[in-house]
Amino acid sequence: MDRPFYIGKICVTPQTSQREVQFCVSDEEGYLFRLVPIPEGFAISKLDRAVGHSIDPSLVALVSFNIENHYS
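Bear in mind that the values here come from a model prediction, so they are computed numbers and not experimental data. (Residues numbered from 1 in each chain as written. Predicted model: local features only at pLDDT ≥ 70, side-chain atom pairs only at ≥ 80, totals over all residues. Heavy atoms only, no water.)

*Asks:* Would you take a moment to explain the overall build of the protein for this structure?
*Replies:* Assigned secondary structure in the protein consists of two helices and five strands. Ordering the α and β elements of the protein from the N terminus gives β-β-β-β-β-α-α. Taking 72 residues into account, the globule formula puts the C-alpha radius of gyration at 11 Å, and the protein, at 12 Å, falls close to it. For the protein, the spread of C-alpha atoms along the principal axes amounts to about 30 × 25 × 25 Å. Here the protein holds 72 residues, and 36% of them are scored as buried. Taking as baseline every contact in the protein between residues at least 6 positions apart, the subset at least 24 positions apart corresponds to 27%. (Helix = DSSP H or I, 4+ residues; strand = E, 2+ residues; numbered from the N terminus. Rg over C-alpha atoms; globule rule 2.2 N^0.38 Å. Buried < 20%, exposed > 50% of the residue type's maximum accessible area, 1.4 Å probe, protein only. Contact = heavy atoms within 4.5 Å.)

In structure tokens form, the structure reads like this:
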């Protein structure tokens, strides 16, 4: 597992394999959502969309922005 980084109290943990990379996002209370890279930036994982997690779009935008900055 890759090293996590923090955005305030939000923990972003990259998870990489030979075929893909995902970013698991959690806070002090636990799992929030998982982001996957797409050509336009990042998207919420298919599993999170399928189970209907209520996810704040502004938090997704904040985390996406910080992931891009972390690796640039």
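Continuing now.
*Asks:* Please clarify how the nonpolar core should be interpreted in this entry.
*Replies:* Side chains that are nonpolar tend, in soluble globular proteins, to be buried together. Core analysis: the biggest nonpolar cluster contains 14 residues, and Ile10, Val12, Phe33, Leu35, Val63 and Ile67 have the highest contact counts within it. Contributing elements (two or more residues each) for this core: β1 (5-7), β2 (10-16), β3 (21-27), β4 (30-38) and α2 (57-70). If you tally residues by element for this core, the top one is α2, at four residues. Contacts of Ile67, omitting those with residues within four sequence positions, involve Phe5, Val12, Phe23, Leu35 and Phe42. (Core = buried A, V, L, I, M, F, W, Y, C linked by side-chain atoms within 4.5 Å.)

*Asks:* What am I meant to see in the pairing of β3 here?
*Replies:* If a strand is regular, its side chains alternate between the two faces of the sheet. Most of β3 sits out of view: five of its seven residues are buried. Relative to β3, β2 runs antiparallel, the two being bridged by six bridges. Considered in β3, the bridge of Val12 is made with Val25. Remark: four residues form the turn of the hairpin made by β2 and β3, two consecutive strands paired antiparallel. Here five bridges tie β3 to β4, and the two strands are oriented antiparallel to one another. For Asp27, the partnering residue across the bridge sits in β4 and is Gly30. Counting the residues that bridge the hairpin from β3 to β4 gives two residues. (Pairing = 2+ DSSP bridges.)

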